[in-house]
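Observations on chain architecture
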Amino acid sequence: MNKKMYVASLLVLVLLFVAGCGKKEAPPEQATAKPEAAAAPATKIDPATVATVSGTVKFDGTAPKPQKIDMSQDPACKGANETETVEVSNGDLANVFVYVKDGLGNYAFDVPKEPVRLDQQGCRYHPHVLGVMAGQTVQINNDDNTTHNIHPSPKDNREWNESQPPKGAPITKDFARQEVLIPVKCNQHPWMKMYIGVVKNPFFAVTGKDGKYELKGLPPGTYTIAAVHEKYGEQDQTVTVAAKDSKSQNFTFKAGAGGAGGQ
Amino acid sequence: MGRGAGFAPEARHKNFIASRSTGIISLNRPRSQPLNSVVTPYNRAHHWFVILLACGTLLLIVAGALVTSNDAGLSVPDWPTTFGSLYRIPPMVGGVKFEHGHRMVAELIGLLTIVLAVWTWRAERRSWMRKLGLVALGTVIAQGFLGGLTVLLYLPPAVSTAHATLGQSFFCLIVIMVMVTGREWMEAQPIMVVERHRPRLRTLVTLAAGSVYLQLILGAAFRHSGIKLLPHLISAVVVTVLLLWTITRILAEHSAVPQLRRPARALLILLLVQLGLGFGAYLTRVEWGSVAAQPMLSMVFATVAHVAVGALVLATSVVLAFQVYRHTSPQAEIVVAHPASAKVVA
Ligand code: HEM
């Protein structure tokens, strides 16, 4: 009898322990870390001297055909049904995340108060690639008549997974650390995938259908500019801008390659 | 000791020790007792209930495999609630259909396992069987927690792999219970087979069943992105060699014993099917499926079938192992082929 009691209480203990572990990991509501820039001695940018770097991201070779998406799993899902992984028109590559990776030294940047929006519409994410500053709010909206779950799987930021009911209240989140690119997924609708680029500075852009990007307001200096594509990886280029300069810097991604081939 | 004497707790205890010390069956038991059925009569209803539970568990494994193959594990972010409710059924669309469906089947199996533990406790007089009922209950509870944990931790490979492995272990346990509550196991006298070759059948079958278990852990670890596929493929060769060795030995030399022949034959067929499905899973998941926009039907079919048949391969090899232990002597060689006059040399 005693032995039985012992085994039973042991079992209960183990279960409580397991349950406890589960609770501990339940997401705390707010990300705690503040942008790291706050600690460094701040240098202000002189608006009179700022320069611009812009350019086009090209695609070399035959682009893979967009794949068909089958949305029949959920009758509430209707919309464009092709993947956006590789979007090429006239040799221009869309959905490339371009940002200043290095060279900004001690400049301090205010985090914009206004949030960036991520919309779920027709069981697709809009936009497919989103840029945001570390610490800036991302507002997630669900315009669909179905439940979505939003699950980013970052490496350097805190992971979370939340569901949002049909046309539910917006969810607001932020990412504390720089990370390019964080994949985001919906597990209700496994074709729903997008990427978020989180950067410590405000110099980032996502190429549109014309493959163009523009980084405005850069102080004079030498910078590493990175162009990152979800499938073709990253390309880095160095550019030096003088005061009020306007420089052009193009990137080319090659079919079948993973990142090589800048110019 | 007659049947009634088995009710005395000490007697039960002694039997347990005796059977443990010599493997599954005990040759040292007084001849007047039928082996393994000292005190418990065959209970048809209980046996059929365990069969029902085994079938339900296979269904649960299929439901669980559907969740993984459809990448739906996180479609319901909370646990033990589903979208905040313990009992409300959400709209069964998209990933929720698989995730919540799996949870519902699992809850049913959990309930049935409680019934199993209680019923076994009351109906069984073999104390190890009563304990097995409790172990099954403990396993199903732990399995539920692992499932919840993996959702709350966003599917870490180690926890998901543990959940997959424990699920298959639970299925094995229930299949073992099906076997030992069967009429054949409880009432028939084992026929002791004469072995002429080395390695001994017990060694072979233990290695074979062990390798299948390892194989499913490697498969689950790959499936949950914990490791590469190569270990699973290398291990598949080892599993195939060991299983074929065991099976051919039995079919060539002991096919007169139906308790060995039947699982050996079933295992042969299951192994061939499983190899084919493994190849299909490889093609649809790795070769064609890695760039797919969403889980393809062919991939879901091949991988789910591969998981389910994997469970059957494991359970059948464990059943075969039990039967081999039951029908061979723990000592090196046996000269006489009938237990009534079995004498052990060396
Ligand atoms: C020898 C017999 C084999 C057994 C018993 C076996 C068993 C298993 C099991 C149980 C799983 C899934 C584990 C889980 O998630 O619960 C699995 C996964 C897998 N196995 Fe095997 N396997 C065998 C042979 C093979 C072979 C020969 C191949 C390839 C040619 C293969 C390819 C795979 C693949 C690709 C997966 C992952 C499926 C997925 O991603 O969903 N297996 N295996």
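Along each chain, numbering runs from 1 in the same order as the chain's sequence is written. To label them, take the chains in the order written and letter them from A, then take the ligands in the order written and number them from 1. For this predicted model, a pLDDT threshold of at least 70 governs which residues receive local features, and a threshold of 80 or more governs which side-chain atom pairs are given and counted, while totals over whole chains, interfaces and linings are taken from all residues. To get the side-chain values, all heavy atoms of the structure are used, and hydrogens and water are removed first.

Things to note about the site of the ligand
Residues and elements named next belong to chain B.
- Nearness is defined per residue: one heavy atom within 4 Å of the molecule or strand is enough. The ligand sits among 23 residues. The nearest are R223, H232, R285, T303 and H306.
- In the environment of the ligand, a nitrogen atom lies 2.7 Å from a nitrogen or oxygen atom belonging to the side chain of H232.
- Here an oxygen atom of the ligand and a side-chain polar atom of R285 are 2.6 Å apart.
- Contributions of two or more residues to the shell around the ligand are made by helix 5 (157-180), helix 7 (201-223), helix 8 (230-253), helix 9 (258-287) and helix 10 (297-327). Two N or O atoms count as a polar contact when they lie within 3.5 Å, although within protein this holds only if one can serve as hydrogen donor and the other as acceptor, and sequence-adjacent residues are included solely when both atoms are side-chain atoms. In this text, helices come from DSSP runs of H or I with a minimum length of four residues, and strands from runs of E with a minimum of two, each type numbered from the N-terminal end.

What to know about the coordination of the iron atom of the ligand
All names here are of chain B.
- Each metal site is built from N, O and S donor atoms within 2.8 Å (3.2 Å for Na, K and Ca), and since water is not included, such sites may look incomplete. Every protein donor of the iron atom of the ligand is listed here as H232 (NE2) and H306 (NE2), and their distances to the metal cover 2.0 Å.
- Around the iron atom of the ligand sit six donor atoms; with metal-centred angles ranging over 87 to 179°, the donor geometry is octahedral. Of this pair, H232 sits in helix 8 while H306 sits in helix 10; the two residues are 74 residues apart in sequence, bridging distant segments of the chain. H306 matches H232 in its accessibility class, with the two residues each being buried. A four-donor site is classed as tetrahedral when every donor-metal-donor angle falls between 85 and 135 degrees; four donors are called square planar, and six octahedral, when trans pairs exceed 155 degrees and all remaining angles lie between 65 and 115, with any other arrangement labelled irregular. We call a residue buried when its accessible area falls under 20% of the maximum for its residue type, exposed when it is over 50%, and partly exposed in between, using a 1.4 Å probe and counting protein chains only.

As for the sheet that holds strand 8 (residues 137-142) of chain A
Residues and elements named next belong to chain A.
- What the four strands build is an open sheet, ordered 6-5-8-11; its pairing is mixed. This sheet does not close on itself; its edge strands, each paired only once, are strand 6 (124-126) and strand 11 (171-174). Across the sheet, the axes of successive neighbouring strands diverge by a mean angle of 25°, strand direction being ignored.
- Of the strand pairs in this sheet, strand 8 and strand 11 are connected by four bridges, and their pairing is antiparallel. In the strand pairing of strand 11, T137 is matched with D174. Should DSSP find at least two bridges between two strands, the strands are taken to pair. Every axis in this analysis is a line fitted to C-alpha atoms, fitted for helices over the stretch in contact. Angles between the N-to-C directions lie between 0 and 180 degrees.

What about the pattern of salt bridges?
- Take a side-chain nitrogen of Lys or Arg and a carboxyl oxygen of Asp or Glu: if they are within 4 Å of each other, that pair is a salt bridge. Counted according to the given criterion, the structure contains 15 salt bridges over all chains.
- Put simply, R126(B) and E124(B) hold a salt bridge, and the shortest N to O gap is 2.8 Å.
- A relative accessible area of 3% places E124(B) in the buried class.
- Look at the salt bridges and you will find they share partners, linking K101(A), E234(A) and D236(A) into a network.

Quick notes on the domain arrangement of chain A
Residue and element names in this part refer to chain A.
- Bear in mind that the domain bounds are from an automatic or database domain assignment. Taken domain by domain, chain A comprises domain 1 (45-72 + 85-105 + 206-263) and domain 2 (110-200).
- For domain 1 versus domain 2, the separation of C-alpha centres amounts to 22 Å.
- Contact with domain 1, which involves ten residues of that partner, is made by 14 residues of domain 2.
- Once two parts are joined, some of their accessible surface, as seen by a 1.4 Å probe, is lost; buried area is that loss totalled over both. Buried surface at the junction of domain 1 and domain 2, both sides included, amounts to about 1,100 Å², of which 72% is carbon and sulfur. Contact definition: two residues touch when any of their heavy atoms are within 4.5 Å.

With respect to the state of the cysteines
- Cysteine sulfur atoms are paired as a disulfide whenever they come within 2.5 Å of each other. On inspection of all chains with the given rule, the structure shows one disulfide over all chains.
- Paired through a disulfide, C77(A) and C123(A) show a sulfur-sulfur distance of 2.0 Å. Between C77(A) and C123(A) the sulfur-sulfur dihedral comes to about -70°; the bridge is accordingly left-handed. Note that C77(A) is positioned in the loop between strand 1 (51-60) and strand 2 (88-89) and C123(A) in the loop between strand 5 (116-121) and strand 6, a separation of 46 residues in sequence. In terms of burial, C77(A) and C123(A) fall into one category: buried.
- Among the cysteines around C186(A), which has no disulfide bond, C123(A) carries the closest sulfur, lying 7.5 Å off.
- C172(B) carries a free sulfur, and the closest cysteine sulfur to it, the one in C55(B), is 15 Å from it.
- Among the residues examined, C172(B) registers a relative accessible area of 8% and is labelled buried.

Thoughts on the interface of chain A and chain B
- Each partner contributes residues to the interface: chain A has 31 residues there, and chain B has 24 residues.
- Where chain A abuts chain B, roughly 2,300 Å² becomes buried across the two surfaces, and 59% of that area is made up of carbon and sulfur atoms.
- Across the chain A-chain B interface, the total number found is one salt bridge.
- Note that D71(B) and K185(A) form a salt bridge whose closest N and O atoms lie 2.3 Å from each other.
- For the interface between chain A and chain B, the tally reads eleven residue pairs in polar contact (both at pLDDT 80 or more).
- With seven residues, helix 1 (residues 2-25) of chain A is the largest single contributor of residues to the side of chain A that touches chain B.

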